[in-house]
Amino acid sequence: MAVIGLDVGTTGVKSTVFGSDWQVFSHAYREYNLIGEAEGKFELDPEILWQKAKEVIRESAAECPETIDAISVTSFGESFVCLDENDNVLCKTMIYMDKRGQRECEEYRATRDEREVFSHCGQFIDPMFALYKLRWMRNNAPQVLEKTKKLCFIADFMTYMMGAGHCCDYSLAARSAMFDVFEKRWIDDAVAFSTIDPAALPDVAPSGSVVGGVSAGIARELGVSEGARLIVGGHDQILAALGSGAWEAGDIANGMGTVDCITAVMSADKLDIDALMTYSFPIVPFMDTGRYVTYAFNMSGGCVVKWFRDNMAADVSGRNDAYDILGSETPAEPTGILMLPYLAGAGTPYMDADTPAAIYGLRLGTSRGKLFKAFLEGESYEMMVNIECLTDVGIDVRKIITVGGGSNSSVWMQIRADVFDRPVYLPRNKEAGTLASAILCLAGTGKYKTVREAQDAMISYDRRFDPQPGRVALYKANFERYKRFYGLMREFASK
């Protein structure tokens, strides 16, 4: 028996095949590009996502010596796919970086109490969410909404295309800002504002639910068993936390993908609505545990270093070891250069779409390696801002478990340990999203009695990075300068 974890990210999709004893049989990855046709517009083509997903499933399944019994899908959040009555894709997908919907946010805010909104949907008012983008479409592309018969989020778009029912999990529903995270139902008032037909919305279920089986035609195309169970996964940040070992309140996971996100597990009885709102920290259901998570994130995470690779290191950008080469060029000591990593805007706690990326401290003698390290430091400083805010809302951040593509860089991991002044742990399996999907699959097929049992069996840690005292003090001083630098740049950008 084998299972597939499919992880659909903003810049690429990966498929990993796990055996019943959680060994990795095979792995496949495809990259794709964001579509940015105008300032503030960021889209993906759902048909390309589906095509690339099929490619990686087919490739990874072909290398597996066992029967594929289940597939679970995790994906980035907030974004949606519009399908017509024949399941044809009607338009490109606006992703969370896309700024369309700002005027619609103001329209929503003008007639509603923001705290009341947050106390139901658990999300702040921001154009990243589907609610406001759907309203934008009503104002700017009404013909698309008129034809939309099914609205899918990215993970359930994949399972639906493979043969599942029209069903999403709680975490992706929550990131629409139209879902009551406490009552686990769609919010009538929010749906009415979006103007989407309520009948087009998916059913909802907790992560790990079996939602159907792979259809005969797709099974032949992918090289998997007809009827292989399709298991709803959910938001990649939730699954990254699960795949890193997070379970109890206070557990922390740092998913270092395109978005750099810290996911913190919280008890339902200790949610401080006002404190969370202060820092724009959302409330998202954590599967069916009765607990919740919050996200502290920067929009420009992995895409910052990808930008550096493609634009500042063209000689190595096409190589698989490009980041290793750049890492080998970095100096040992902190750079002293300040880099605001806002290439796609700032995330929590500022939610600042206006202040751009900026660099302070360049000289003629600044090497490529030193500048690259400054990029890694800047993103680490940004996440340290969020750690301070998480501590302020009552979450005890004692250690950080890092997962995702960025965690493959030992240089970056040591920088994080030094900047955070906390140990940073690296799981043995660094692709926590696909591992979590396998955990859900193996629980869903009965290999393990519960998700928790599967998690305990499948997760171990490979390496620990400890803060280096001599560098911690330097980074603390630079971090204080970094916060002042942001304030100055925000003031400058506002004029």
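Located above this text is the structure these notes cover.
Reading the values: rules and limits
Residues numbered from 1 in each chain as written. Predicted model: local features only at pLDDT ≥ 70, side-chain atom pairs only at ≥ 80, totals over all residues. Heavy atoms only, no water. Helix = DSSP H or I, 4+ residues; strand = E, 2+ residues; numbered from the N terminus. Expected span 1.5 Å × (residues − 1). Buried < 20%, exposed > 50% of the residue type's maximum accessible area, 1.4 Å probe, protein only. Pairing = 2+ DSSP bridges. Salt bridge = Lys/Arg side-chain N within 4 Å of Asp/Glu carboxyl O. Axes fitted to C-alpha atoms, helices over the stretch in contact; angles between N-to-C directions. Contact = heavy atoms within 4.5 Å. Core = buried A, V, L, I, M, F, W, Y, C linked by side-chain atoms within 4.5 Å. Disulfide = S-S within 2.5 Å. Left-handed = near helix turned anticlockwise from the far one by under 90°. Nonpolar A, V, L, I, M, F, W, Y, C, P; charged D, E, K, R; others polar.

S.K.: Provide a residue-level description of helix α14 (residues 368-392), including the pertinent values.
M.R.: Over its 25 residues, α14 runs 37 Å from end to end, which matches the ideal 36 Å to within 8%, given 1.5 Å per residue. Counting buried positions along α14 gives 20 out of 25 residues, so the element sits mostly inside the fold. Of the residues one or two after α14, glycine 394 is the one with positive phi, at around 100°.

S.K.: So what's going on with the pairing of strand β3 (residues 24-31)? Which residues, and what values?
M.R.: Where strand β2 (residues 12-19) meets β3, seven bridges bridge the pair, whose relative direction is antiparallel. Looking at the pairing, valine 17 lines up with serine 26 of β3. Taking the residues between adjacent antiparallel strands as the criterion, β2 and β3 are bridged by four residues, where tryptophan 22 takes a positive phi near 55°.

S.K.: With reference to specific residues and values, describe the pattern of salt bridges.
M.R.: Applying the stated criterion to the full structure yields 28 salt bridges. Aspartate 396 is the partner of arginine 398 in a salt bridge, and the nearest nitrogen-oxygen pair spans 3.2 Å. Judged by relative accessible area, which is 46%, aspartate 396 ranks as partly exposed. Here the salt bridges share partners, and the residues they tie into one network are Arg30, Glu55 and Glu59.

S.K.: Could you give me a rundown of the sheet that holds β2, with the residues and numbers involved?
M.R.: If you walk across this open sheet you meet the six strands as β3-β2-β1-β5-β14-β13, and the pairing is mixed. Looking at strand neighbours, the two that pair on one side only are β3 and β13 (210-213), the edges of this open sheet. Geometrically, the sheet is characterised by an average inter-axis angle of 20° between neighbouring strands, direction not taken into account. Pairing between strand β1 (residues 2-8) and strand β5 (residues 68-75): seven bridges, direction parallel. Across the sheet, glycine 5 pairs through a bridge with serine 72, a residue of β5. Against the sheet, helix α16 (residues 432-444) touches β1, β2, β5, β13 and β14 (229-235), its axis set at about 140° to β1.

S.K.: How would you explain the sheet that holds strand β17 (residues 284-285) if you had to name every residue and give the values?
M.R.: Read from one edge of the open sheet, seven strands run β17-β18-β16-β15-β21-β22-β23, paired in mixed fashion. The sheet is open, and its two edges are formed by β17 and β23 (461-465), each paired on a single side. Running at roughly 145° to strand β18 (residues 292-298), α14 makes contact with β16 (260-266), β18 and β21 (400-403) of the sheet. Against the sheet, helix α15 (residues 410-420) touches β15 (252-256), β16, β21, β22 (424-427) and β23, its axis set at about 55° to β23.

S.K.: Please give an account of the pairing of strand β6 (residues 80-83) that cites residues and values.
M.R.: By the alternation rule, side chains of β6 split into Phe80 and Cys82 and Val81 and Leu83, which are all buried. Sheet analysis places β6 next to strand β8 (residues 150-153), joined by four bridges and oriented antiparallel. In the sheet register, cysteine 82 faces β8, and the bridge partner there is leucine 151.

S.K.: With reference to specific residues and values, describe the nonpolar core.
M.R.: Counting residues in hydrophobic clusters, the biggest one holds 179 residues, and the most contacted among them are Met158 and Met162. Ranked by residue count, the leading element in this core is α14, at 11 residues. Those residues in contact with methionine 162, other than ones at most four positions away along the chain, are Trp50, Ile57, Ile71, Val73, Gly213, Val214, Ser215, Ile218, Leu222 and Leu230.

S.K.: Before we move on, can you summarise the side chain of threonine 10 with the specific residues and values?
M.R.: As for its position among the elements, threonine 10 is in the loop between β1 and β2. When its relative accessible area of 3% is taken as the criterion, threonine 10 is described as buried. Setting aside residues no more than four positions away along its own chain, threonine 10 makes contact with Tyr32, Leu34, Leu44, Phe76, Ile95, Tyr96 and Thr258.

S.K.: Explain α15 to me, and be specific about the residues and the numbers.
M.R.: Given 3.6 residues to a turn, an α-helix orients residues that are three or four positions apart in the same direction. In terms of residue burial, α15 counts as a mostly covered element, since nine of its 11 residues are buried. A positive backbone phi angle near 55° is found at aspartate 421, which sits one or two residues after α15.

S.K.: Describe in detail the state of the cysteines, supporting the description with residues and values.
M.R.: Applying the stated criterion across every chain yields a total of zero disulfides. Cysteine 152 forms no disulfide, and the closest cysteine sulfur to it belongs to cysteine 168, at a distance of 9.0 Å. No disulfide involves cysteine 441; its nearest neighbouring cysteine sulfur is the one of cysteine 64, lying 12 Å away.

S.K.: Break down the packing of helix α1 (residues 46-62) against helix α6 (residues 154-162) for me, with residues and values.
M.R.: Packed helices, taken two at a time, are described by the angle between their axes plus the distance between the axes. Taken N-terminus to C-terminus, the directions of α1 and α6 make an angle of 65°; their axes are 11 Å apart at the nearest point. Helix-helix and strand crossings are classified by hand; for α1 and α6 the assignment is right-handed. Contact with α1, carried on its side by Pro46, Leu49, Trp50, Ala53 and Ile57, involves Ile154, Phe157, Met158, Met161 and Met162 of α6 and no other residues of that element. Within the contact of α1 with α6, the residues separate by chemical class into 10 nonpolar, no polar and no charged.

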